[in-house]
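# Per-entry structural report
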Amino acid sequence: MDHIRDIVLNNIPVGLMIIGGDGKIIEANPASCDILGCPVEGFVGKQWGEIFLSQERNLEFTEVVLDAIQKETPKIERVTPYYDDSGKKKFLSVISSAQREGGKISAIVVLIEDLTELHDLHEREKNILAQNHRLAEERANSLNLFAQSVAHQIRNPIMSIAGFARLLERRADEAAREPLEAIREEASKLETMVRAVAEYSAIRADAAAPVNLWVIIEEAKNLIANHPAVQGQGIVWKTDCPDMNITVDRNLMAQAISELLLNSAEFGGPGTRVRLCAKESDGQVVISVSDNGPGFSDTGLKMALDPFYTTKTVGAGMGLTRAKRIVVEHNGTITVDRTEDGGGLVRIAVPVRPMRMRNFG
C-alpha cells in the first residue's frame, strides 16, 4: 500500500501538503515542491509557520491555511498570488481543509494548483479585448466626426437647392413645375437624411441619474402619442415590468424605447398589439418590445440596426439606429429577432447601476 501511495503522490499534477496538529509538515509531494519552488527536504519535518509566516509577500497564500485553522468550515478555497524563492510571481489555486478530532486539529490538508499559465492567458485576452475596444471607440469617434462634418457641409447647399426650387416652382409655367417639384422633393429627402445624421451624431449619454423604469416607459409612450402610426390607430399596449430604478440618461432612454414602440406600431399597422416586458438579470435590465405584426424579414434581421435601412416609402431609416446608439452609449446591447408567432422582437439590455458612459467625441 505504501508503494501505491508513493506512486499516487509522486504522479498527481496537483500539489499536496499535509500539516500535522503540531504544525509540522508531514507530507509534501513533488508537485507541491515544484509549484512552491522548494525541495522536499525543505518542507517535510519543518514547521510550516517558520517557512511561510515570515514571507510577507505571500501573506495571501498563508491566510488560506490560517483561515482553515481558525474557521470551522469544511474547506477554504482561493486563488492567490505566490512568489517563489527566485522572485517569480505565480497564481495558485489553494484549497485547505482542517481535520479535527475531539475539537482539536489533527491535520491540515492543503491542495495547490498552479494557474499561472491560465491567468496569463486570461490577461492576454483581456488586453486584446481592451485594445479592440479602444480601437472600436476610436473608429466610432472618427466616423462620428466624419458624419458631423458631412452633415454640416451639405446641409446649407441642400437647403438652398430646396429653397430655390420652391421659389422657381411658384414662378414657372406648368411645363417646368413638374421637374422643379421633383427637385424640391428629392432635396427634401436629402435634408431629412442630413438632419437624421446630425441628430444621430449629437447623441450623448452624459446626464445619467437614477430614475424609475415606469417613468421612462410612460415618457416613451408620450413621445409617440401624436405620431400618425399611433394616434387613432387602436394600438393595444401591454406593459409588464418591475417597479425598479435604473441609472440612465432619462431623456435618451425614453427616446430609445419610443423608437422600439414606434417601430412595432408602424409595421404592425392599425390594431397592432405591442407588448413591452422588462426584467433584471445579472446586473442588467433587459427590455423587450414585441408585436403581432409581420416581423422582420431575413434581410431585416441582418440590417435593421444599420443606418438608412428602411422598407418604408418615407423616412430616413434611422429609428432603430438611433436606439442602438443610445443603448451603446449606456454600455448596453440591442438585438432584433422574431417572436414564436413570427412578429417583431427588439431587445435591449443596459446596466442597472451607474457606469462609465461611452464617449464617441
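Residues numbered from 1 in each chain as written. Predicted model: local features only at pLDDT ≥ 70, side-chain atom pairs only at ≥ 80, totals over all residues. Heavy atoms only, no water.

Let us now look at the overall build of the chain. Helix and strand counts for the chain come out as 10 helices and 12 strands. Buried residues in the chain amount to 40% of all 361 residues. Contacts in the chain between residues far apart in sequence, at least 24 positions, make up 59% of those at least 6 positions apart. Accessible surface, the chain as shown: approximately 20,400 Å² in total, 53% of it carbon and sulfur. (Helix = DSSP H or I, 4+ residues; strand = E, 2+ residues; numbered from the N terminus. Buried < 20%, exposed > 50% of the residue type's maximum accessible area, 1.4 Å probe, protein only. Contact = heavy atoms within 4.5 Å. Areas by Shrake-Rupley, 256 points an atom, 1.4 Å probe, with all protein chains shown as cover.)

The next point concerns the packing of aromatic side chains. Within this structure, the stated rule accounts for three aromatic pairs. Relative to F61, the ring of F52 lies with its centre 5.4 Å away and its plane at 55 degrees, an arrangement referred to as tilted. The buried category is assigned to F52, whose relative accessible area is 2%. Every member of this aromatic cluster is reached through a ring pair, and the members are F43, F52, F61 and Y82. (Phe/Tyr/Trp six-rings, centres within 6.5 Å; stacked < 30°, edge-to-face > 60°.)

Core analysis: the largest hydrophobic core is formed by 43 residues, its most contacted members being L213, M253, I257 and V285. Among the elements of the structure, α7 (213-223), β8 (245-249), α8 (250-268), β9 (273-281), β10 (284-291), α10 (319-329), β11 (333-338) and β12 (344-351) are those that each provide at least two residues to this core. It is α8 that contributes the most residues to this core, nine residues altogether. (Core = buried A, V, L, I, M, F, W, Y, C linked by side-chain atoms within 4.5 Å.)

Moving on: the packing of α7 against α8. Relative to each other, α7 and α8 sit at 60 degrees, their axes nearing to 8 Å. As the angle between them shows, α7 and α8 are arranged oblique. Along this stretch, α7 crosses α8, giving a crossing that reads as right-handed. Packed against α7, whose contacting residues are V215, I216, E219, A220, K221 and L223, the element α8 presents R250, M253, A254, Q255, I257, S258 and L261 at the interface. Grouping the constituent residues of the contact of α7 with α8 by class yields eight nonpolar, two polar and three charged. (Axes fitted to C-alpha atoms, helices over the stretch in contact; angles between N-to-C directions. Parallel < 35°, antiparallel > 145°, perpendicular 65-115°, else oblique. Left-handed = near helix turned anticlockwise from the far one by under 90°. Nonpolar A, V, L, I, M, F, W, Y, C, P; charged D, E, K, R; others polar.)

So, about the sheet that holds β10. Spatial strand order, β7-β9-β10-β12-β11: five strands in an open sheet with mixed pairing. Two strands in the sheet have a free side with no partner beyond their single neighbour: β7 (236-240) and β11. Pairs of neighbouring strands in the sheet enclose a mean axial angle of 15 degrees, with direction left out of account. Relative to β7, α7 is tilted by about 165 degrees, and along the sheet it contacts β7, β9 and β10. Taken strand by strand, α10 contacts β11 and β12, and its axis lies near 140 degrees from that of β11. (Pairing = 2+ DSSP bridges.)

Our focus in this paragraph is the pairing of strand β2 (residues 25-28). Pairing of strand β1 (residues 15-20) with β2, which is carried by three bridges, proceeds in the antiparallel orientation. Bridge pairing in β2 places I19 opposite I25. Counted along the chain from β1 to the antiparallel partner β2, the turn is four residues long, and its residue G23 has a positive phi close to 90 degrees.

The next point concerns a nonpolar patch on the surface. A contiguous nonpolar patch, built from L190, M193 and F308 and spanning about 250 Å² of accessible area, is present on the exposed surface. Looking at the secondary structure, you find F308 in the loop between α9 (298-303) and α10. (Patch = residues over 30% accessible without salt bridge, like charges linked within 9 Å, V, L, I, M, F, W, Y side chains within 5 Å. Salt bridge = Lys/Arg side-chain N within 4 Å of Asp/Glu carboxyl O.)

The final tally for this structure, using the stated rule, is eight salt bridges. Between K126 and E123 there is a salt bridge, and its shortest N-O distance comes to 3.4 Å. Of the two residues, K126 and E123 both sit in helix α5 (residues 116-171), three residues apart, roughly one turn of that helix. Owing to a relative accessible area of 29%, E123 belongs among the partly exposed residues under this scheme.

A few words now on the sheet that holds strand β5 (residues 104-114). The strand order β2-β1-β5-β4-β3 describes an open sheet built from five strands, whose pairing is antiparallel. Because the sheet does not close on itself, it has two edges, and the strands there are β2 and β3 (76-83). Here the average twist between neighbouring strands, direction ignored, is 25 degrees. Bridging between β3 and strand β4 (residues 89-101) involves eight bridges; their strand directions are antiparallel. When the bridges of β4 are listed, P81 appears paired with F91.

Before going further, it helps to examine the environment of Q231. Residue position: Q231 is located in the loop between α7 and β7. What makes Q231 partly exposed here is its relative accessible area of 48%. Remark: the alpha-carbon pair of Q231 and P270, spanning 39 residues in sequence, is separated by 9.7 Å. Excluding residues that lie within four positions of it along the chain, Q231 makes contacts with A225 and N226.

This part covers helix α4 (residues 59-70). Side chains three or four residues apart in an α-helix point the same way, a direct result of the helix having 3.6 residues per turn. With 12 residues, α4 extends 15 Å between its outermost C-alpha atoms, agreeing within 8% with the 16 Å of an ideal straight helix rising 1.5 Å per residue. Inspection of α4 places F61, T62, V64, V65, D67 and A68 among the buried residues, and these make up the whole buried set. (Expected span 1.5 Å × (residues − 1).)

Turning our attention to the pairing of β5. Pairing geometry for β1 and β5, over six bridges, is antiparallel. Paired with L16 across the bridge in β5 is L111. Where β4 and β5 come together, 10 bridges link them in antiparallel fashion. Bridged to A98 within β5 is I108. The turn linking β4 back onto β5 is made up of two residues, and G102 within it adopts a positive phi angle of 60 degrees.

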